[in-house]
Amino acid sequence: MDFIGLLTTKVKRGYKMNMNEEFMSFGGETLDTYLGHELIEIKEGYVKSKLLVNNNHKQPMGLVHGGIYSTLSETICSYGANVTQEGTFVGVNNNTDFLSSVKEGEIICEATLIKGGKSYQLWESKIFHNDKLCAVSKVRLSRVG
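Residues numbered from 1 in each chain as written. Predicted model: local features only at pLDDT ≥ 70, side-chain atom pairs only at ≥ 80, totals over all residues. Heavy atoms only, no water.

Here we look at the pattern of salt bridges
- On inspection of all chains with the given rule, the structure shows three salt bridges.
- Of the charged contacts in the structure, one is a salt bridge between Lys50 and Glu106, with a shortest N-O distance of 4.0 Å. Taken as a pair, Lys50 in strand β4 (residues 46-52) and Glu106 in strand β6 (residues 106-115) lie far apart in primary sequence, 56 residues in all.
- Given the relative accessible area of 26%, Lys50 is considered partly exposed.
- Judged by relative accessible area, which is 35%, Glu106 ranks as partly exposed.
- The partner of Lys138 in a salt bridge is Glu124, with the nearest N and O atoms 3.8 Å apart. With Lys138 in strand β8 (residues 132-143) and Glu124 in strand β7 (residues 120-129), this residue pair connects regions lying 14 residues apart in the sequence. (Salt bridge = Lys/Arg side-chain N within 4 Å of Asp/Glu carboxyl O. Helix = DSSP H or I, 4+ residues; strand = E, 2+ residues; numbered from the N terminus. Buried < 20%, exposed > 50% of the residue type's maximum accessible area, 1.4 Å probe, protein only.)

Topic: the confidence of the model for the protein
- Residues of the protein with pLDDT of at least 70 account for 81%, and the chain-wide mean is 86.
- Here residues 1-18 scores under 50 on pLDDT; set against residues more than four positions off or in separate chains, the count is 38 contacts. (pLDDT = per-residue confidence, 0-100. Contact = heavy atoms within 4.5 Å.)

Side note on the nonpolar core
- If you look at the biggest cluster of nonpolar residues, it comprises 26 residues, and the most contacted ones within it are Val64, Tyr69, Val102, Ile107, Trp123 and Leu141.
- Of all the elements in the fold, those that place two or more residues in this core are β3 (38-43), β4, α4 (66-84), β6, β7 and β8.
- The element contributing the most residues to this core is α4, with eight residues.
- If we ignore the near neighbours within four places in the chain, the residues touching Tyr69 are Val64, Thr96, Phe98, Ser100, Ser101, Val102, Ile107, Ile127, Cys134 and Ala135. (Core = buried A, V, L, I, M, F, W, Y, C linked by side-chain atoms within 4.5 Å.)

Okay, here's the thing in structure tokens:
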């Protein structure tokens, strides 16, 4: 089943999820919307997003703040988990390793499912800048509903 089919048939806490502008912008007024984080692609077991770096994303030394990498990773892993399995999944552990710094440009984040289950999932996220690997995250998500 394609992503649109998954979303239009999946029921979450009494309402149907639809792939629309609000969904693609991470649900309206959220941290990801504020940061400018954009969803590019999502399907069962895979999610891709991007962020155009601006000065608000940087720490005092002029590099993208590590929390930005962790935020991108946890967001797309959470979206992936909730599309891949019935129930409501939230992040309970996020371990991000920083490999290379970024000062400007576009960051691409890709996440893939490592292990899925009914009560928890483990995802891996890789963050790239100009096709260079900048960070790797492992995000564990637990089912809360």
